[in-house]
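Chain by chain, the residues run as shown.
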Amino acid sequence: MSTVAASTAVSTGPSAASIPKSQFDFIPLLLVAVLAALAWPLIGSSSTWLTLTVAGLAMGMIVFIIASGLTLVFGLMDVLNFGHGVFIALGAYVGLSVLAQMPLWTGSSELWRNVAALLLAMTAACAVAAAVGWLFERVLVRPVYGQHLKQILITMGGMIIGEELIKVIWGPTPVSLELPVALRGVVTFGDAAVERFRLFAMFIGALVLAAMLFTLNRTKLGLLVRAGVQDREMVESLGYRIRRLFVGVFVAGSALAGMGGTLWSVFQHGASPQMGAQVNVLIFIVIIIGGLGSTLGCFVGALLVGLMANYTGFLFPKAAMFSNIALMAAVLMWRPQGLYPVANR
Amino acid sequence: MLNRLLSHDLPRSRWLALLLIAIVLGLALTPFIFPGTKALNVAAKMMVFIVLVASFDLLLGYTGIVSFAHTMFFGIGAYGVAIACTQMGPTWPAVGVGIAAALAASLALSTLIGLFSLRVKAIFFAMITLAVASAFLSLASQLSDLTGGEDGLNFKVPEALRPSTMYLDAPFLGAAFDGRLLTFYLLFIATLLLVLLMLRIVNSPFGRVLLAIRENDFRAEAIGYRTVVYRTLSNVLSALFATLAGCLLALWLRYNGPDTSLSFEIMLDVLLIVVIGGMGTIYGAVVGSVLFVLAQSYLQDVMKLSAGVFEGVPVLSQLTSPDRWMLWLGILFVLAVYHFPAGVVGRLRAMKNRV
Amino acid sequence: MQALLELQGVHTHIGSYHILHGVDLRVPVGELTMLLGRNGAGKTTTLRTIMGLWKASQGSLGFDGQTLPAATPDIAQLGIAYVPENMGIFSDLTVRDNMLLAARSAKNLKQMDTQRLEWLFGLFPAIQKFWLAPAGKLSGGQKQMLAIARAMVEPRRLLLIDEPSKGLAPAMVQNLIAALRELKATQTTVLLVEQNFAMARALGDSVAVMDNGRVVHAGTMRELAEDAPLQQKYLGLSLEAHA
């Protein structure tokens, strides 16, 4: 075979017909649509349904950004960071501080200025969260690899310390925030009103998802992460220092949590030092539903949780928290390892 | 005789023994030695925490299970008594019903949690209990007709325990003999009995199997012990003791609300105490709770003194501010997990060899 | 003959189990050395110890005159490839991605050595056929081929292969033998653990027999093949019977 033919074969492979393709599991994705569809008759009005659905999807996107790092870290290194919430809070506070310094930009009615300010805030939050994440891994997590009990305790301790340090730096009382001017208000689709900021959040979430999927599926780095989640030993036997990879993923996960924290605090119109602990529960539910270690599962889980929270918040406000637990229980009874179980060593 | 009372689980350290004796005597004689309502409240809180933390030690220290749902059972006990006294009036039968109902609820819940979640990995279990506890907290706030919502329930206790009930007209040795004193000693006796009971349990064959499971559950299963059964039992027992602690709390405070018994802060406090005190010792819970509640109640005053030193210095004054004592506790906790896995008790026992 | 890999007095403990009791092993360069022995003799443990997956508690491990590093990735970077008993295939990744991962010097597909790939396609047609398929969909034999192809995707100095013929149909075993013969032709040093004695006879240049965590016999394959009593003593049967 000539070299040209060979290289073609390398990149495209033989005729598509003869290859067993992996059956992509669409069912969990369909669940999102099913949930939305189920809610529609219960809610009654289409416009309210649209508002709630967008709100739910937006919330889901932000939760996904926050939780994605956590699930990858667990899948790759079997480490569960119970203190992940501290990066969320940190990101929120850093973001808020940055935004507070830019009143001209956030107060301007020009959309691009608002977005630029937000992007700057998110970048700063990412950077600080990444740095703290690196420290966290080095000082707290590294010494307790493989010891789950100690991991749980130490990362909780890390969260307590982090929360207190936030109080030291920014004060113990919650801070409130006004949305940047151009992102306030709603966009109307006929009867339905959709908040501008939620659309923005969805957009950012989609970008992050796209970037993650691209990295994971099309780059060698992503390949390493996916392979490492499956069989850490083999990846090391192939000559890759998976420890460095893990630190990288941990730091990236912390950065993402920081970014998500900024978005979340803008979403909630404020931040408090305890917000990390509060969001923690939610993201744990999300990654359990999605399957520990699966990015796509995390995404679907986050959307489901976001939708559920908004629908029940409207329909049965008293049962809001329970609805997520019920969702988790239901998913686990159907697939005990989560929506997209990760085939593990 | 002392040996049998302590179920052959002696302190094994001169210092620890002295400390324990001091604690028991101190608590028993608080009304006489430390005058004032604050001291009495602090002592009562210590006793409640001793039972609560010891019950958590049964789960974490002896069985190796991390559960964040522990305060849920604490809350069930407290609410049980509170709701019963509110709905049925402040009588002894009401208290009895409240305690019985709370125990039954805890039994059911802990069995359910045990069976459902213990089939999964430890991490899963920890996360699920966290979620369940949060749900329960919000439930308690939501069902305001029953639980008084965010404001909680203020209620009267049976006449014998009320502060207004005087048994002796004049104070005896500095303490007023009223219903409050009686309640205090009720707590004291209960705490003593419950701790001794827990010592009996962990030193029984059942307790040894728990330790074996904690060390190596595969081996335990291979030898023939059905670990799921033992773990569930441990869950249930620990929940029941926590529930009783909650009942005691409610009787003392004559009030219960979501923050008093269900808050995540309390869960964290319990976790911190158990680790710093010494996991798997029961005595660690005793010593740790006393130190913690003491610090929580009085350290802030002490810190106020030293905060004056750093007055005005931007970050340092905040770091040493009495409100930030949790920061130092958190650091101590992390250090304890790394360097003193056996906690204060372990340290004291290790010292014995050198003393 | 020069020894590429040399183990001296290697002991390995796993938990409280003492598996290797002082292994002395010489793997000559450019040859295929068979590591034989019955189940539980410690063959897999030896390979894993060489690869750094389990730490030797005593003894020395030398590669090309230098001490072997402690960390597995560093060991692999020296040019040592490991094909474990369970094959270590990443089933969620495509065959192509499995191969790409193994090719350390290639940052992406385009940088892979196409001539070498062609050669491998020739040896293992299944790889080309299922190039874009998820590796988990391959049959057991095909996975084994992939595992070995992965170890060969770039020139390596030493291959450690653990029981490749386990569970394979006889026809597949023949393919395997053919492929390994080609590998031998490239002068690559191989340490092959096998229980299939037909394979042993067909491929082995040197042989080491293990029992109870020690190497109890080392020599050339020819010696062992001609000495029936020796075979009986160390392997419990004669190689003739398994031709």
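**Notes on the overall build of chain A**
Here is step 1: Helix and strand content of chain A: 14 helices and 4 strands.
Here is step 2: With respect to the three principal axes, the spread of C-alpha positions in chain A is 65 × 50 × 45 Å.
Here is step 3: Evaluated residue by residue, chain A yields a buried proportion of 54% over its 345 residues.
Here is step 4: In chain A, the share of contacts with a sequence separation of at least 24, taken over all contacts with a separation of at least 6, comes to 78%.

**Regarding the overall build of chain C**
Here is step 1: In terms of helices and strands, chain C carries 10 helices and 10 strands.
Here is step 2: In terms of C-alpha radius of gyration, chain C reaches 18 Å, essentially the compact-globule figure of 18 Å for 243 residues.
Here is step 3: Along the three orthogonal principal directions, the C-alpha set of chain C runs to about 50 × 40 × 35 Å.
Here is step 4: With 243 residues in all, chain C has 49% of them scored as buried.
Here is step 5: Taking the intrachain contacts of chain C between residues at least 6 apart in sequence as the baseline, contacts between residues at least 24 apart amount to 67%.

**Topic: the arrangement of the chains**
Here is step 1: The interface with the most contacts, out of 2 pairs of chains in contact, is the one formed by chains A and C.
Here is step 2: Kept free of each other, chain B and chain C leave a smallest C-alpha distance of 12 Å between them.

**What to know about the confidence of the model for chain A**
Residue and element names in this part refer to chain A.
Here is step 1: Averaged over all residues, the pLDDT of chain A is 83; the fraction at 70 or higher stands at 92%.
Here is step 2: Element-level mean pLDDT values for chain A span from 48 in helix 1 (residues 3-12) up to 92 in helix 10 (residues 232-237).
Here is step 3: The model gives residues 1-6 a pLDDT under 50, and that stretch makes 7 contacts with residues more than four places away or in other chains.
Here is step 4: Low pLDDT (under 50) marks residues 12-17, which in the prediction has 6 contacts with non-local residues, meaning those over four places away or in another chain.

**Observations concerning the pairing of strand 1 (residues 3-14) of chain C**
Residue and element names in this part refer to chain C.
Here is step 1: With 9 bridges connecting them, strand 1 and strand 2 (residues 17-28) associate as antiparallel partners. By the bridge assignment, V10 is partnered in strand 2 with V23.
Here is step 2: Hairpin connection, strand 1 to strand 2: the antiparallel pair is bridged by 2 residues, and G15 has positive phi, about 65°.
Here is step 3: Here 6 bridges tie strand 1 to strand 4 (residues 56-63), and the two strands are oriented antiparallel to one another. Directly across from L5, in strand 4, lies its bridge partner F63.

**Looking at the sheet that holds strand 4 of chain C**
Residues and elements named next belong to chain C.
Here is step 1: Pairing within the open sheet is antiparallel, and its 4 strands lie in the order 2-1-4-5. Strands at the two margins of the open sheet, each flanked by one partner only, are strand 2 and strand 5 (66-67).
Here is step 2: Packing of helix 1 (residues 43-50) onto the sheet brings it into contact with strand 1, strand 2 and strand 4, and relative to strand 2 it is tilted by some 70°.

**Some remarks on the interface of chain A and chain B**
Interfaces are often sized by the accessible area lost when the parts come together.
Here is step 1: At the junction of the two partners, chain A supplies 29 residues and chain B supplies 32 residues.
Here is step 2: Among the residues forming the side of chain A that touches chain B, the class breakdown is 22 nonpolar, 3 polar and 4 charged.

**Describing the sheet that holds strand 7 (residues 158-162) of chain C**
All names here are of chain C.
Here is step 1: Ordered by their spatial adjacency, 6 strands build an open sheet running 6-7-8-3-9-10, and the pairing between neighbours is mixed. Both edges of this open sheet fall to strand 6 (80-83) and strand 10 (214-220), since each of them pairs with a single strand only. Going from strand to strand, the sheet's axes swing by 15° on average, the running direction of each strand aside.
Here is step 2: One ladder, built from 4 bridges, connects strand 3 (residues 32-36) with strand 8 (residues 189-193); its direction is parallel. Residue pairing for strand 8: M34 is matched across the bridge by L192.
Here is step 3: Set on the sheet, helix 1 makes contact with strand 3, strand 6, strand 7, strand 8 and strand 9 (206-211); between it and strand 7 the angle comes to about 145°.

**Here's the deal with the nonpolar core**
Here is step 1: Core analysis: the largest hydrophobic core is formed by 317 residues, its most contacted members being I62(A), V63(A), V286(A), V51(B), I127(C) and L160(C).
Here is step 2: Ranked by residue count, the leading element in this core is helix 3 (residues 46-77) of chain A, at 19 residues.
Here is step 3: Apart from the residues within four sequence positions on either side, V286(A) is in contact with V63(A), A67(A), C298(A), G301(A), A302(A) and V305(A).

**Thoughts on helix 7 (residues 122-142) of chain B**
Here is step 1: End to end, helix 7 of chain B covers 30 Å across 21 residues, agreeing with the expected 30 Å (1.5 Å per residue, within 8%).
Here is step 2: Summarising burial for helix 7 of chain B: 17 of the 21 residues are buried, a large majority.

**Brief notes about the packing of helix 4 (residues 85-100) of chain A against helix 7 (residues 148-170) of chain A**
Residues and elements named next belong to chain A.
Here is step 1: Interhelical geometry of helix 4 versus helix 7 gives an angle of 15° and a closest axis separation of 9 Å. The angle between helix 4 and helix 7 falls in the class roughly parallel. With respect to the hand of their crossing, helix 4 and helix 7 are arranged in left-handed fashion. Residues G85, V86, A89, L90 and Y93 of helix 4 form the contact with helix 7, whose own contacting residues are G158, M159, G162, E163, I166 and W170.
Here is step 2: Looking at the contact of helix 4 with helix 7 residue by residue, the classes come out as 7 nonpolar, 3 polar and 1 charged.

**So, the environment of A22(B)**
Here is step 1: Structurally, A22(B) is set in helix 2 (residues 14-28).
Here is step 2: Separated by 56 residues in the primary sequence, A22(B) and A78(B) have C-alpha atoms spaced 29 Å apart.

**Quick look at the environment of A56(C)**
Residues and elements named next belong to chain C.
Here is step 1: Inspection of the secondary structure assignment puts A56 in strand 4.
Here is step 2: Since 22 C-beta atoms lie within 10 Å of it, A56 is described here as buried.
Here is step 3: For A56 and G22, which are 34 residues apart along the polypeptide, the C-alpha to C-alpha distance reads 10.0 Å.
Here is step 4: For A56, the contacting residues outside a window of four places in its chain are V10, H11, T12, T49 and L61.

**With respect to the packing of helix 14 (residues 264-277) of chain B against helix 17 (residues 325-339) of chain B**
Residue and element names in this part refer to chain B.
Here is step 1: One can describe the packing of helix 14 onto helix 17 by two numbers: an axis separation of 9 Å at closest approach and a directional angle of 45°. The angle between the axes of helix 14 and helix 17 places the two elements in the oblique class. Here the hand of the crossing between helix 14 and helix 17 comes out left-handed. In this structure, helix 14 contributes L272, V275 and I276 to the contact, and helix 17 contributes L329, L332, F333, A336 and V337.
Here is step 2: By residue class, the composition of the contact of helix 14 with helix 17 is 8 nonpolar, no polar and no charged.

**Section: the pairing of strand 3 of chain C**
Residue and element names in this part refer to chain C.
Here is step 1: The buried fraction of strand 3 is high, at 5 of 5 residues.
Here is step 2: Burial along strand 3 is two-sided: L32, M34 and L36 facing one way and T33 and L35 facing the other are all buried.
Here is step 3: Direction of pairing for strand 3 relative to strand 9: parallel, over a ladder of 4 bridges. In the sheet register, T33 faces strand 9, and the bridge partner there is S206.

**As for the confidence of the model for chain C**
Here is step 1: Within chain C, residue pLDDT values average 88, and 96% of them lie at 70 or more.
Here is step 2: Across the predicted assembly, pTM comes out at 0.80 and ipTM at 0.90.

**Notes on unusual backbone geometry**
Residue and element names in this part refer to chain B.
Here is step 1: Although it is not a glycine, R254 adopts a positive phi angle of roughly 55°.
Here is step 2: Within the fold, R254 resides in the loop between helix 12 (227-253) and strand 2 (255-256).
Here is step 3: Classification of R254 as partly exposed rests on a count of 19 C-beta atoms within 10 Å.
Here is step 4: Of note, the phi angle at I282 is positive, near 65°, even though the residue is not glycine.
Here is step 5: You can see I282 is positioned in the loop between helix 14 and helix 15 (283-307).
Here is step 6: C-beta crowding within 10 Å serves as the criterion here: with 27 such atoms nearby, I282 is assigned to the buried category.

Procedures and definitions
- Residues numbered from 1 in each chain as written.
- Chains lettered and ligands numbered in written order.
- Predicted model: local features only at pLDDT ≥ 70, side-chain atom pairs only at ≥ 80, totals over all residues.
- Helix = DSSP H or I, 4+ residues; strand = E, 2+ residues; numbered from the N terminus.
- Buried ≥ 20, exposed ≤ 12 C-beta atoms within 10 Å, placed from the backbone.
- Contact = placed C-beta atoms within 7 Å.
- Rg over C-alpha atoms; globule rule 2.2 N^0.38 Å.
- pLDDT = per-residue confidence, 0-100.
- Pairing = 2+ DSSP bridges.
- Axes fitted to C-alpha atoms, helices over the stretch in contact; angles between N-to-C directions.
- Nonpolar A, V, L, I, M, F, W, Y, C, P; charged D, E, K, R; others polar.
- Core = buried A, V, L, I, M, F, W, Y, C linked by C-beta atoms within 7 Å.
- Expected span 1.5 Å × (residues − 1).
- Parallel < 35°, antiparallel > 145°, perpendicular 65-115°, else oblique.
- Left-handed = near helix turned anticlockwise from the far one by under 90°.

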